[in-house]
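Structural features, examined
These are the residues of each chain, in order.
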Amino acid sequence: MRVTRLLALVSGILLAVVGMAGTATAAPASATFAKASASATGYAAPDMVYCKLNVRSGATSSSSLLRTLYNRNGSCPGSSGHDSINCWISNCSGAIQGGSYTCTTGGRSYSTWLPVNHRGTRAWVAIKCGTYVLP
């Protein structure tokens, strides 16, 4: 009887250790999924009301400026055309509350940021100054 209990205890510990090892190896798979979602469909672009949309390294207006997208349609200066950037998540979701920003000097303040794919790296746009389009 004691031998049976000892074997049950040892096998239970062994299963727990194997389970932890399985959990440890599962983490990189979720990281791979996050990377795979970087090849998303759908895109963010400057809104017709705003002529440009800045792409930043973080979800704050003080984060590094990586790129500026331009809307050259309608009343915006420049030749015709509309710049865009792919969303980080396929359905253009994942918006977060970050630092506050205004779309125009003295305009209303917002804090909603959308993740986008800038050269394979997650970046952020002030989505209230732009729009997003699903395919």
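Here's a quick rundown of the structure. (Residues numbered from 1 in each chain as written. Predicted model: local features only at pLDDT ≥ 70, side-chain atom pairs only at ≥ 80, totals over all residues. Heavy atoms only, no water.)

**Re the sheet that holds strand β1 (residues 43–46)**
Taken in spatial order, the three strands of this open sheet run β4-β1-β8, and their pairing is antiparallel. The open sheet is flanked by β4 (85–86) and β8 (130–133), the only strands paired with a single partner. Where β1 meets β8, four bridges bridge the pair, whose relative direction is antiparallel. Within β8, the residue paired with Tyr43 across the bridge is Val133. (Pairing = 2+ DSSP bridges. Helix = DSSP H or I, 4+ residues; strand = E, 2+ residues; numbered from the N terminus.)

**Overview of the nonpolar core**
Grouped together as the largest cluster of nonpolar side chains are 20 residues, with contacts concentrated most on Val55, Tyr101, Leu114, Val116, Val125 and Cys129. Elements with a contribution of two residues or more to this core: β2 (52–56), β6 (109–118) and β7 (121–126). Residues within four places of Val116 in sequence aside, it is in contact with Ala44, Val55, Ile85, Asn86, Cys87, Trp88, Thr121, Arg122, Ala123, Trp124 and Val125. (Core = buried A, V, L, I, M, F, W, Y, C linked by side-chain atoms within 4.5 Å. Buried < 20%, exposed > 50% of the residue type's maximum accessible area, 1.4 Å probe, protein only. Contact = heavy atoms within 4.5 Å.)

**Digging into the packing of aromatic side chains**
Under the definition given, this model contains two aromatic pairs. Relative to Tyr110, the ring of Tyr101 lies with its centre 6.1 Å away and its plane at 40 degrees, an arrangement referred to as tilted. Residue classification places Tyr110 among the partly exposed residues on the basis of a relative accessible area of 21%. When the centroid spacing of 4.9 Å and the interplanar angle of 75 degrees are considered together, the rings of Tyr101 and Trp113 count as edge-to-face. In this pair, Tyr101 is assigned in strand β5 (residues 96–102) and Trp113 in strand β6, connecting sequence segments 12 residues apart. For Tyr101, a relative accessible area of 6% puts it in the buried group. Through a chain of ring-to-ring contacts, the aromatic side chains of Tyr101, Tyr110 and Trp113 assemble into a single cluster. (Phe/Tyr/Trp six-rings, centres within 6.5 Å; stacked < 30°, edge-to-face > 60°.)

**Here we look at the environment of Tyr110**
Relative to the helices and strands, Tyr110 resides in strand β6. C-alpha of Tyr110 to C-alpha of Lys128: the two residues are 18 residues apart in sequence and 7.0 Å apart in space. Residues contacting Tyr110, with those up to four places away along its chain left out, are Gly99, Ser100, Tyr101, Cys103 and Lys128.

**Regarding the sheet that holds β2**
In sheet architecture, strand pairing relies on hydrogen bonds along the backbone and comes in two forms, parallel and antiparallel. As summarised here, the arrangement of the five strands in space is β3-β2-β7-β6-β5, forming an open sheet in which the pairing is antiparallel. Unpaired on one side and paired on the other, β3 (65–70) and β5 mark the two borders of the sheet. Pairs of neighbouring strands in the sheet enclose a mean axial angle of 40 degrees, with direction left out of account. For β6 and β7, the ladder comprises six bridges, and the chain directions are antiparallel. Residue Trp113 lies in a different strand from β7, and its bridge partner there is Ala126. (Axes fitted to C-alpha atoms, helices over the stretch in contact; angles between N-to-C directions.)

**Comments concerning the side chain of His118**
Here His118 is to be found in strand β6. Apart from the residues lying within four places of it in its own chain, the contact partners of His118 are Val55, Leu66, Arg67, Ile85 and Ala123.

Just geometry here; none of it tells us what the structure is for.
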